[in-house]
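What follows is the residue order along each chain.
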Amino acid sequence: MKNQPLREIFDKVRHVVTEPEWALARPLIEEIRQLKAERDALILAHNYQHPLIFFGVADLSGDSLGLARQASQVDAQTIVMCGVHFMAETAKLLNPDRQVLIPDDQAGCSLADAITAEDVEALRERYPGVPVVTYVNTSAAVKAASDICCTSSNAIEIVEALASDQVLLIPDRHLADYVSNHSEVEILTWEGGCVVHEEFRASEIDALRVDHPDICVIAHPECHAEVQASADMVGSTSQLIDWVGNHRPDKVAMITECTMSDNVASHFPKTEFIQPCSLCPYMRRITLEKIRDCLRDGSGEVEIDEAIADQARLSVTRMLEVS
Ligand code: 13P
Ligand code: SF4
């Protein structure tokens, strides 16, 4: 993914980027590449990032687990996280001595906003002795108040590794439903949800199947349980991408943030992507201009209170040790 020739990049994005848009983006991409080299920086991009970012400037990409793993192995001076704030915080937890920049510090997440460290403490009092597994889509303070983190790709494995009859899996109630439906462990949860995935309805999937009887439907576990049940497969963003790569369906609906399909479509031109679209307003805050500005000015530096960083790091590294 490292600095492909610009013409090759345009070939990858031309199904969603017009010639005039490319003419505007091209000098920015060149400037970002130059600044990256000057600053010894590495750009990590989540699978939901716009194709111009994903193909144009990112060095590494992945789902939340993939980004955390990659962040634990970088040797650059600076990491720029093209994703949302909790992803940048996770990168900082794993790289306390490196500079971690996020191009827009308002790139949050409705799940991270759904729960506080005080809420976790109250849950611990209500359910004494029950281990607390926190989805990585949370603040460092919430991670610090937890026993271990998980992502959408390893939640079942993490919950089962705790060898407890009951587990608190917070804050996404839909991810909790997913684990509960695939495990014997009793899952207690919280009322959090993702504003993007909660938009999807099982009736939309039924309608898709009527219009396209041969369509494959794959969904993210942040969707409602009924949507998960209607899907042919449920998984993290990278697991959904891998599924398309392994099955090469003629038609697919990826029931997740829809920018991802634009990136995946570049790799699988024979597959037709059809789906209802729901965009993440937080992910969309990251733009080429803001990436250029943060690399040029060193702005958007992620800082984590030392009082919580050590404990939060433990929750993340425990997860990486299990999965
Ligand atoms: P993944 O870990 O599956 O990429 O999910 C992150 C996310 O924010 C999904 O909305
Ligand atoms: Fe958060 Fe949902 Fe956006 Fe993912 S898609 S970053 S869970 S709001």
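Quick caveat, the model's predicted, so the values are computed rather than measured.

About the cut-offs
- Residues numbered from 1 in each chain as written.
- Chains lettered and ligands numbered in written order.
- Predicted model: local features only at pLDDT ≥ 70, side-chain atom pairs only at ≥ 80, totals over all residues.
- Heavy atoms only, no water.
- Pairing = 2+ DSSP bridges.
- Helix = DSSP H or I, 4+ residues; strand = E, 2+ residues; numbered from the N terminus.
- Axes fitted to C-alpha atoms, helices over the stretch in contact; angles between N-to-C directions.
- Core = buried A, V, L, I, M, F, W, Y, C linked by side-chain atoms within 4.5 Å.
- Buried < 20%, exposed > 50% of the residue type's maximum accessible area, 1.4 Å probe, protein only.
- Contact = heavy atoms within 4.5 Å.
- Near = heavy atom within 4 Å.
- Polar contact = N/O pair within 3.5 Å; in protein donor to acceptor, adjacent residues only side chain to side chain.
- Areas by Shrake-Rupley, 256 points an atom, 1.4 Å probe, with all protein chains shown as cover.
- Nonpolar A, V, L, I, M, F, W, Y, C, P; charged D, E, K, R; others polar.
- Salt bridge = Lys/Arg side-chain N within 4 Å of Asp/Glu carboxyl O.
- Lys, Arg positive; Asp, Glu negative; His and termini not counted.
- Disulfide = S-S within 2.5 Å.
- Right-handed = clockwise from strand over helix to strand, strands pointing away.

(A) Spotlight on the sheet that holds strand E5 (residues 132-135). Strand order in the open sheet made by the four strands is E6-E5-E7-E8, with parallel pairing throughout. The open sheet terminates on both sides in strands that have one partner only, identified here as strand E6 (148-150) and strand E8 (186-188). Neighbouring strand axes in the sheet, compared pairwise and without regard to direction, differ in orientation by 35° on average. Here strand E7 (residues 166-170) runs beside E8; their pairing, made up of three bridges, is parallel. Bridging across to E8, Val167 finds its partner in Ile187.

(B) The nonpolar core, seen in detail. Counting 107 residues, the largest nonpolar core has Trp22, Ile43, Val244, Met254, Ile255, Leu288 and Ile291 as its most contacted members. With residues near it in sequence (within four places) discarded, Ile255 still touches His197, Phe200, Ile205, Val217, Ile218, Ala219, His220, Cys223, Val227 and Pro276.

(C) Broad picture of the sheet that holds strand E4 (residues 99-101). Across the sheet, four strands lie side by side as E2-E1-E3-E4; this open sheet has parallel pairing. Of all strands in the sheet, those with a lone pairing partner are strand E2 (60-62) and E4, marking the two edges. If you compare each strand with its neighbour and ignore which way they point, the axes differ by 20° on average. In terms of strand pairing, strand E1 (residues 41-46) meets strand E3 (residues 78-82) through five bridges, oriented parallel. Note on E3: the bridge partner recorded for Ala45 is Cys82. Packed on one face of the sheet, helix H2 (residues 19-39) meets E1, E3 and E4 and runs near 125° to E1.

(D) Up close: the site of ligand 1. The environment of ligand 1 is made up of His46, Tyr48, Asp63, Ser64, Asn137, Ser152, His197, His220, Glu222, Ser236 and Thr237. A distance of 2.8 Å is found between an oxygen atom of ligand 1 and a side-chain nitrogen or oxygen belonging to Ser64. In this structure, an oxygen atom belonging to ligand 1 sits 2.7 Å away from a side-chain N or O atom of Ser152. A total of 300 Å² of accessible area belongs to ligand 1 in isolation, and the protein chains cover 96% of it. Here the shell around ligand 1 is built from residues that sort into one nonpolar, eight polar and two charged.

(E) Structural view of the pattern of salt bridges. In this structure the tally under the stated criterion is 16 salt bridges. Between Arg285 and Asp104 there is a salt bridge, with its nearest N and O atoms 3.0 Å apart. Here the residue Arg285 occupies a position in the loop between strand E12 (272-273) and helix H14 (288-297), and Asp104 occupies one in the loop between E4 and helix H6 (117-126), the gap between them amounting to 181 residues. For Arg285, a relative accessible area of 34% corresponds to the partly exposed category. On the basis of relative accessible area, Asp104 is assigned to the buried category, the value being 9%. The residue Arg124 makes a salt bridge to Asp147 at a minimum N-O spacing of 3.2 Å. Remark: Asp147 occurs in the loop between helix H7 (140-144) and E6 and Arg124 occurs in helix H6; sequence separation between them is 23 residues. Of the residues examined, Arg124 reaches a relative accessible area of 25% and is grouped as partly exposed. Sharing partners across several salt bridges, the network here consists of Glu31, Arg292, Asp293, Arg296 and Asp297.

(F) Representation of the side chain of Glu89. Counting through the fold element by element, Glu89 comes out in helix H5 (residues 85-94). One buried charged residue, Glu89, forms no salt bridge at all, with the nearest opposite charge on Lys143 at 5.1 Å. In contact with Glu89, other than residues within four places in its own chain, are Thr138, Ser139, Ala140, Val302 and Ile304.

(G) The arrangement of helix H12 (residues 237-247) in detail. Within the sequence span of H12, burial applies to Thr237, Ser238, Leu240, Ile241, Trp243 and Val244. Looking one or two residues beyond H12, the residue adopting positive phi is Arg248, at roughly 40°.

(H) Structural context of the state of the cysteines. Summed over all chains, the structure comprises one disulfide. Here Cys258 engages in a disulfide with Cys277; their sulfurs sit 1.7 Å apart. Of this pair, Cys258 sits in the loop between strand E11 (251-255) and helix H13 (259-267) while Cys277 sits in the loop between E12 and H14; the two residues are 19 residues apart in sequence, bridging distant segments of the chain. Residue Cys277 is classed as exposed on the basis of its relative accessible area of 55%. With no disulfide of its own, Cys82 has Cys294 as its nearest cysteine by sulfur position, at a separation of 7.2 Å.

(I) Region of the structure containing the pairing of E7. For E7, the buried fraction is high: four of the five residues fall into the buried class. Here E5 runs beside E7; their pairing, made up of three bridges, is parallel. From the neighbouring strand, Val133 faces E7, where its bridge partner is Leu169. Crossover connection from E7 via helix H9 (residues 173-180) to parallel E8: handedness right-handed.

These values are about where atoms sit, not about what they do.
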